Amino acid sequence: MEGSYEACAEAAAWLRARLQEPPRVALVCGSGLGALAQELTDPQSFDYADIPHFPRSTVQGHAGRLVVGRLGAGPCAVLQGRFHLYEGYSPAQVVMPVRTLALLGVHTLVLTNAAGALSPGLAPGHLLVIRDHIDLPGLAGRSPLVGPNDERFGPRFPAMTDGYDPALRRLALALAPPELHARPGVYVGVGGPSYETWAECRLLRRLGADAVGMSTVSEAAAARHCGLRVLGLSLITNAAPGDADEEEEEGGGGAGPAAEAAPPGHEEVLAAAQEGARHLRRLLLALAPRLAEGARA
Ligand SMILES: O=P(O)(O)O[C@H]1O[C@H](CO)[C@@H](O)[C@H]1O
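Keep in mind the model is a prediction, meaning the values are calculated, not measured.

## Quick notes on the overall build of the protein
Then, in step 1: A count of helical and extended segments in the protein gives 9 helices and 9 strands.
Then, in step 2: At 19 Å, the protein has a C-alpha radius of gyration in line with the 19 Å of a compact globule built from 297 residues.
Then, in step 3: Projecting the C-alpha coordinates of the protein onto the three principal axes gives extents of approximately 65 × 40 × 35 Å.
Then, in step 4: For the protein, the proportion of its 297 residues judged to be buried stands at 55%.
Then, in step 5: Counting only contacts in the protein whose residues sit at least 6 apart along the sequence, the fraction spanning at least 24 positions is 84%.
Then, in step 6: Working note: accessible area of the protein is about 12400 Å², and carbon and sulfur atoms make up 53% of it.

## A few points about the site of the ligand
Then, in step 1: Near the ligand you find 13 residues, and of these Ser-31, Tyr-86, Tyr-195, Ser-215 and His-266 are the closest.
Then, in step 2: The side chain of Tyr-195 places a nitrogen or oxygen atom 2.7 Å from an oxygen atom of the ligand.
Then, in step 3: Protein coverage of the free-state accessible area of the ligand, which is 350 Å², stands at 96%.
Then, in step 4: In a pocket analysis with a 2 Å cut-off to the grid points, the ligand is assigned to the largest pocket.

## A few points about the layout of surface pockets
Then, in step 1: Considered as a void within the structure, the largest pocket measures approximately 310 Å³ in volume.
Then, in step 2: Ala-114, Tyr-195, Gly-213, Met-214 and Val-269 are the residues nearest the centre of the largest pocket, which is lined by 23 residues in total.
Then, in step 3: Within the residue set of the lining of the largest pocket, elements represented by two or more residues are strand E5 (108–117), strand E8 (211–213), strand E9 (229–239) and helix H9 (266–292).
Then, in step 4: At 4 residues, E5 tops the list of elements feeding residues into the lining of the largest pocket.
Then, in step 5: Of the residues belonging to the lining of the largest pocket, the class tally is 12 nonpolar, 9 polar and 2 charged.

## Some words on the environment of Pro-155
Then, in step 1: Following the sequence through the fold, Pro-155 ends up in the loop between helix H4 (136–139) and helix H5 (166–175).
Then, in step 2: On the basis of relative accessibility, which here comes to 40%, the residue Pro-155 falls in the partly exposed class.
Then, in step 3: Separated by 72 residues in the primary sequence, Pro-155 and Gly-227 have C-alpha atoms spaced 9.7 Å apart.
Then, in step 4: Among residues more than four places away in sequence, those in contact with Pro-155 are Asn-149 and His-225.

## Here we look at the packing of aromatic side chains
Then, in step 1: The final tally for this structure, using the stated rule, is 5 aromatic pairs.
Then, in step 2: An angle of 75 degrees between the planes, with centres 5.8 Å apart, marks the rings of Trp-14 and Phe-46 as edge-to-face. With Trp-14 in helix H1 (residues 5–16) and Phe-46 in strand E2 (residues 41–47), this pair connects stretches of sequence that are 32 residues apart. Each member of the pair, Trp-14 as well as Phe-46, is classed as buried.
Then, in step 3: Geometrically, the ring pair formed by Tyr-48 and Phe-83 is tilted, given 5.5 Å between the ring centres and 55 degrees between the ring planes. With Tyr-48 in the loop between E2 and strand E3 (65–71) and Phe-83 in the loop between strand E4 (74–80) and helix H2 (91–94), this residue pair connects regions lying 35 residues apart in the sequence.
Then, in step 4: The class of Tyr-48 is buried, set by a relative accessible area of 1%.
Then, in step 5: Positioned over the ring face of Phe-153 is Arg-99, at 4.4 Å from the centre of the ring.
Then, in step 6: One residue, Arg-152, lies across the ring of Tyr-5, its end atom 4.0 Å from the ring centre.

## Concerning empty space enclosed by the protein
Then, in step 1: This structure, assessed with the given rule, holds 3 cavities of 30 Å³ or more.
Then, in step 2: Taken as a whole, the largest cavity spans an internal volume of roughly 70 Å³.
Then, in step 3: In terms of residue count, helix H7 (residues 217–225) provides more of the lining of the largest cavity than any other element does, 3 residues in total.

## Thoughts on H7
Then, in step 1: With 9 of 9 residues buried, H7 lies mostly within the body of the structure.
Then, in step 2: Of all the positions in H7, only Val-217, Ser-218, Glu-219, Ala-220, Ala-221, Ala-222, Ala-223, Arg-224 and His-225 are classed as buried.
Then, in step 3: Of the residues trailing H7, Gly-227 is marked for its positive phi of about 80 degrees.

## Here's the deal with the UniProt feature "binding site: phosphate" (unreviewed entry) in the protein
Then, in step 1: Per the UniProt annotation, the sites labelled "binding site: phosphate" (unreviewed entry) are Ser-31, His-62, Arg-82, Phe-83, His-84, Ala-114 and Ser-215. In sequence the annotated residues extend across 185 residues, while in space they remain close, none of their C-alpha pairs exceeding 13.7 Å. As for the annotated residues, the ones lining the largest cavity are Phe-83, His-84 and Ser-215.
Then, in step 2: Examined against the element boundaries, Ser-31 turns out to sit in the loop between strand E1 (25–28) and E2.
Then, in step 3: With residues up to four places along the chain from it excluded, the contact list for Ser-31 reads Gly-61, His-62, Ala-114, His-266, Val-269, Leu-270 and Ala-273.
Then, in step 4: You can see Ala-114 is positioned in strand E5.
Then, in step 5: By relative accessible area, which is 16% here, Ala-114 ends up buried.

Thresholds, definitions, all that
- Residues numbered from 1 in each chain as written.
- Predicted model: local features only at pLDDT ≥ 70, side-chain atom pairs only at ≥ 80, totals over all residues.
- Heavy atoms only, no water.
- Helix = DSSP H or I, 4+ residues; strand = E, 2+ residues; numbered from the N terminus.
- Rg over C-alpha atoms; globule rule 2.2 N^0.38 Å.
- Buried < 20%, exposed > 50% of the residue type's maximum accessible area, 1.4 Å probe, protein only.
- Contact = heavy atoms within 4.5 Å.
- Areas by Shrake-Rupley, 256 points an atom, 1.4 Å probe, with all protein chains shown as cover.
- Near = heavy atom within 4 Å.
- Polar contact = N/O pair within 3.5 Å; in protein donor to acceptor, adjacent residues only side chain to side chain.
- 1 Å grid on protein atoms, 1.4 Å probe; cavity = no way out; pocket = protein on both sides within 12 Å on 5 of 7 lines; lining within 4 Å.
- Sits in = over half its atoms within 2 Å of the grid points.
- Points joined across faces, edges and corners; volume = space filled by probe spheres on them.
- Nonpolar A, V, L, I, M, F, W, Y, C, P; charged D, E, K, R; others polar.
- Phe/Tyr/Trp six-rings, centres within 6.5 Å; stacked < 30°, edge-to-face > 60°.
- Lys NZ or Arg CZ within 6 Å of the ring centre and 35° of its normal.
- UniProt positions renumbered as here; feature names shortened; annotations may be inferred.

And the structure:
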């Protein structure tokens, strides 16, 4: 039952019976980005604990609440909190909210996250508009699409070359406030929950990733499976470890990068996300009319 079509349909029916208006656009808030829901007018709020079959949020910075209201003129659902594989949830549980919202009639999904910068051009406070992703858990067999395929969600073999909608991406890049230094790039999703080692960061950079996080990729795969348009926004909250650790090896004499940069921590991630959320909120409002347009891909 966990994460099944029937579970999602029951959750969707429960919400439909309580909503003034079903949402057409949905937004998933990354760590520390829950304030994005403050842009909604006429909000109705539901604790995940009350929605049938919804998992519980266990991570600080993820309130565990669904808020439905109007973003600009259009009905919109905001998930204040997502589920991650490292919490012990199955891939199907991680994407259960996305599938539930698709069954409610959502056609466009905005996935936000807090992420570490791998690319030298990115710094805390910057925005990476996701052009493409590398789904490391998915490549290793932990995709929400593994298992018997339920055609009511989508096809057995969905394409992912068009994972992130190019028109929405261009629009987000054009409308982002200058404070966000928005640029397109590649997000790599890892399993977590430990932050990356130096060597892992070097590997991820060589794979072509610009930013790293522990979410988003499973949700994007499930969303495309059910035909949703996806916009992915990574708010950079910290620099992932750099590339300069060779010197420390073999008595190079340098203090080494570990002495130069503080290791990443979730407190720092939350603080940077809350700071950046101010600017992201402006971007969302500017995007609202175009998010509301359109049907499923
Ligand atoms: O991706 P979101 O949910 O924004 O959270 C990010 O922040 C947490 C680590 O600080 C991890 O959960 C990582 O994925």
